[in-house]
Amino acid sequence: MKVRQINCPYCNIPMKYRGTEKIQLGKSNIIFEHLEHWLSGALTVSIYECPSCNKLEFFKYKKNKG
Ligand SMILES: [Zn+2]
């Protein structure tokens, strides 16, 4: 997969790629609460972190669909 260049919207500096994380829906419902209707089970996301303000940015990890 590609690592994209993401700039922090607050600091306007490149965010650091932190890899992918599997999030269990229902436990980490802070961010994904409103997405529950189209997701089920666990969700794999790519995580970016701003080295300055520690803002986290999540992107849904796309699996290869046949
Ligand atoms: Zn920042």
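Just so it is clear, the model here is predicted, and its values are computed rather than measured. (Residues numbered from 1 in each chain as written. Predicted model: local features only at pLDDT ≥ 70, side-chain atom pairs only at ≥ 80, totals over all residues.)

Before going further, it helps to spend a moment on the pairing of strand E2 (residues 42–49). Two elements, strand E1 (residues 16–24) and E2, share eight bridges in a ladder whose sense is antiparallel. Bridged to Lys-16 within E2 is Glu-49. Counted between consecutive antiparallel strands, the loop separating E2 from strand E3 (residues 56–60) contains six residues, among which Asn-54 sits at a positive phi close to 65 degrees. (Pairing = 2+ DSSP bridges. Helix = DSSP H or I, 4+ residues; strand = E, 2+ residues; numbered from the N terminus.)

For the rest of this paragraph, the subject is the environment of Thr-44. Of note, Thr-44 is situated in strand E2. The exposed category is assigned to Thr-44, around which 12 C-beta atoms lie within 10 Å. Spatially, the C-alpha atoms of Thr-44 and Phe-59 are 8.6 Å apart, while their sequence positions differ by 15 residues. Sequence-distant contacts of Thr-44, defined by excluding residues within four places in its chain, comprise Thr-20, Lys-22 and Tyr-61. (Buried ≥ 20, exposed ≤ 12 C-beta atoms within 10 Å, placed from the backbone. Contact = placed C-beta atoms within 7 Å.)

Attention shifts here to the confidence of the model for the chain. The share of residues in the chain with pLDDT of 70 or more is 65%, and the mean pLDDT across the chain is 78. Per-element confidence in the chain ranges from a low mean pLDDT of 54 for helix H1 (residues 29–32) to a high of 90 for E3. (pLDDT = per-residue confidence, 0-100.)

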